[in-house]
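Chain by chain, the residues:
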Amino acid sequence: MGGVGPAMLWPVVGEVALAVAGVVLIGAVLDSALRTFVLPRGARTPLTRWVFVSLRALFDLLARPARSYERRDRVMALYAPIGLLSLVGVWVVMVITGFTFIFRAVSVESWTRAFELSGSSFLTLGFVSPPNDPGDYMIVFAEAAVGLGVLALLISYLPTIYSAFSRREVLVAKLSVRAGEPPSGVEILIRAQTMQRFNLLDEFWTEWQTWFAELEETHTSLGMLSFFRSPQPDRSWVTAAGSVLDAAALYNSVLAVPWSPNAGACVRGGFLAMRTIADYFGLPYDPDPASTDPISIARDEFDAACRSFEEARLPMKDDRDQAWRDFQGWRVNYDAVLLALAGLTMAPYAPWSSDRSLARRAGLIKRLASRRPRTRRSLSDPTAPPA
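Rules used in this analysis
- Residues numbered from 1 in each chain as written.
- Predicted model: local features only at pLDDT ≥ 70, side-chain atom pairs only at ≥ 80, totals over all residues.
- Heavy atoms only, no water.
- Helix = DSSP H or I, 4+ residues; strand = E, 2+ residues; numbered from the N terminus.
- Buried < 20%, exposed > 50% of the residue type's maximum accessible area, 1.4 Å probe, protein only.
- Core = buried A, V, L, I, M, F, W, Y, C linked by side-chain atoms within 4.5 Å.
- Axes fitted to C-alpha atoms, helices over the stretch in contact; angles between N-to-C directions.
- Parallel < 35°, antiparallel > 145°, perpendicular 65-115°, else oblique.
- Left-handed = near helix turned anticlockwise from the far one by under 90°.
- Contact = heavy atoms within 4.5 Å.
- Nonpolar A, V, L, I, M, F, W, Y, C, P; charged D, E, K, R; others polar.
- Polar contact = N/O pair within 3.5 Å; in protein donor to acceptor, adjacent residues only side chain to side chain.
- Patch = residues over 30% accessible without salt bridge, like charges linked within 9 Å, V, L, I, M, F, W, Y side chains within 5 Å.
- Areas by Shrake-Rupley, 256 points an atom, 1.4 Å probe, with all protein chains shown as cover.
- Salt bridge = Lys/Arg side-chain N within 4 Å of Asp/Glu carboxyl O.
- Phe/Tyr/Trp six-rings, centres within 6.5 Å; stacked < 30°, edge-to-face > 60°.
- Lys NZ or Arg CZ within 6 Å of the ring centre and 35° of its normal.
- Expected span 1.5 Å × (residues − 1).

Peer 1: Any chance you could explain the environment of Arg64 here in plain terms?
Peer 2: Relative to the helices and strands, Arg64 is located in the loop between helix H2 (46–63) and helix H3 (69–76). Take Arg64: its relative accessible area is 58%, and that puts it in the exposed class.

Peer 1: Which parts of the structure should I look at to understand the nonpolar core?
Peer 2: As a rule of thumb, nonpolar side chains are buried together in soluble globular proteins. The biggest cluster of nonpolar side chains holds 107 residues, and the ones touching the most others in it are Leu189, Trp205, Phe309 and Phe327. No other element matches the 13 residues that helix H6 (residues 134–179) contributes to this core.

Peer 1: It is not clear to me how the packing of helix H8 (residues 201–221) against helix H9 (residues 237–253) should be interpreted in this structure. Could you clarify?
Peer 2: Any two packed helices are characterised by the angle at which their axes cross and by the distance between the axes. Closest axis-to-axis distance for the H8/H9 pair is 11 Å, and the angle between their directions is 140°. Taken together, the axis directions place H8 and H9 in an arrangement best described as oblique. Two packed elements cross with a definite hand, and for H8 against H9 that hand is left-handed. Here Leu201, Phe204, Trp205, Trp208, Trp211, Phe212, Leu215 and His219 of H8 come into contact with H9, specifically with Trp237, Ala240, Ala241, Val244, Leu245, Ala247, Ala248 and Tyr251. The class makeup of the residues in the contact of H8 with H9 is 15 nonpolar, 1 polar and no charged.

Peer 1: In this structure, what is going on with helix H7 (residues 185–194)? I would like to understand it.
Peer 2: Note: α-helices contain 3.6 residues per turn, so residues at a spacing of three or four share the same orientation. Three or more residues of H7 are buried, namely Gly185, Val186, Ile188, Leu189, Ile190 and Ala192. Where H7 begins, the capping side chain belongs to Ser184, and its oxygen is found 3.2 Å from the backbone nitrogen of Val186. With its phi angle positive at about 55°, Gln196 sits one or two positions after the end of H7.

Peer 1: Is there a simple way to explain a nonpolar patch on the surface in this structure?
Peer 2: On the surface, Val12, Val16, Val20 and Val24 cluster together into a nonpolar patch covering about 330 Å² of accessible area. Note on placement: Val16 falls in helix H1 (residues 6–38). On the accessibility criterion, Val16 (47% relative accessible area) is partly exposed.

Peer 1: I'm lost on unusual backbone geometry in this one. Help?
Peer 2: Leave glycine aside and you will find that most residues have negative phi; peptide bonds, for their part, are mostly trans. Pro182 follows Glu181 through a cis peptide bond whose omega is 0°. If you trace the backbone, Pro182 turns up in the loop between H6 and H7. With a phi angle near 55°, Gln196 is a residue other than glycine that sits in the positive phi range. Accessibility expressed as a relative area gives 69% for Gln196, which makes it exposed.

Peer 1: Could you clarify how one ought to interpret the packing of aromatic side chains in this entry?
Peer 2: In this description, a pair of aromatic rings is defined by centroid distance and the angle of the planes. Scanning the entire structure with this criterion turns up 23 aromatic pairs. Taken together, the aromatic side chains of Phe198, Phe204, Trp205, Trp208, Trp211, Phe212 and Tyr251 make up a single cluster linked through ring pairs. A cation sits over an aromatic face here: Arg56 above Tyr79, 5.7 Å from the ring centre.

Peer 1: Just checking my understanding: could you explain the pattern of salt bridges for this structure?
Peer 2: Pairing between side chains of opposite charge can happen when their charged atoms approach one another. For the structure shown, the criterion picks out 15 salt bridges. One salt bridge in this structure joins Glu310 and Arg320, with 2.7 Å as the shortest N-O distance. Of the two residues, Glu310 sits in helix H11 (residues 299–311) while Arg320 sits in helix H12 (residues 320–331), which places them 10 residues apart along the sequence. Accessibility expressed as a relative area gives 40% for Glu310, which makes it partly exposed. What makes Arg320 partly exposed here is its relative accessible area of 23%. One salt-bridge network, in which partners are shared between bridges, spans Asp246, Arg331 and Asp335.

Peer 1: Looking at this model, I keep getting lost on H9. Mind explaining?
Peer 2: Between its first and last C-alpha, H9 extends 24 Å over 17 residues, near the 24 Å set by a 1.5 Å rise per residue. With respect to burial, H9 is a largely interior element, 17 of its 17 residues being buried.

Peer 1: I keep staring at the environment of Gly149 and nothing clicks. Help me out?
Peer 2: With respect to the element layout, Gly149 can be found in helix H6. In this structure the C-alpha to C-alpha distance between Gly149 and Leu30, which are 119 residues apart in sequence, comes to 9.5 Å.

Structure below.
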């Protein structure tokens, strides 16, 4: 008996390779769908990331020629919805291609026939019948199940996505009354004094602490939510978060009022949430900054804010230098991630967040990311009052 020659072995190897390639493609889709929609935690997948990063490069090219932010905003408003639909489209193409490989490797004699059978099975159209073999029918049923599952995921999770988006935007819209448009932490405190609502700020800090907790959960388990833009072009969840964090930091560092644990808890909850989102997108920051580390706010900007407080007849601490050091110690906890998220989402103009220059932001983030974690205490726990 003669051995099995290479001429007989190569077709078998080719069929096995096709089947393995098909299984890999289908597995990648199932992994992406599971981690993107079903897994209740932040988990990045190469396929999902590739789709959104590639599409972002295209949208950056489309938005760059725009001469006004409003035009760029109209372009970028389509980025997240189109990215979501493009991801599903890539899934469909990969599943049909994967099962085409499997059909071609198992029993179908031509590529055209394998593609027709795969498309008919995925879309559950049934206009192409498989060969009369039980194994072929099992593959057809498996592809139909995958197709129904992928489309069902999109249909079932769209309400979840828009529900989370709506809850986020309600508080962002309400902030315009307290913080103006664009939002400003300085304006929050001045308007609280002007509107005689200073005694309600503790409720305000608590409300936003809850908002930050939900933001962390929704914007990591459903990462595309970060790119869904507000209905109004001059609003953004990033600039809203920055203004609230600045207001809470200024309240406990500058104003001669009783120290507020709720304001401190709001800052801590806020910067932890934003750091978690930054981790999801791989943005660099120093996880344990020193209170003396550089921030993007200059001392003259801080002094101008203090003068605005004096004009509004807000009670001020006497030691302005110590107030600056205290504010710097609070702001350093969220400064780098705030600016990085503002750049990532192409946030609209707002003081002390998206108005920082790209060069300054890049240099700052590079300096902060290069520092080694420290074990000494800075203001890493702002829920405790200063000594």
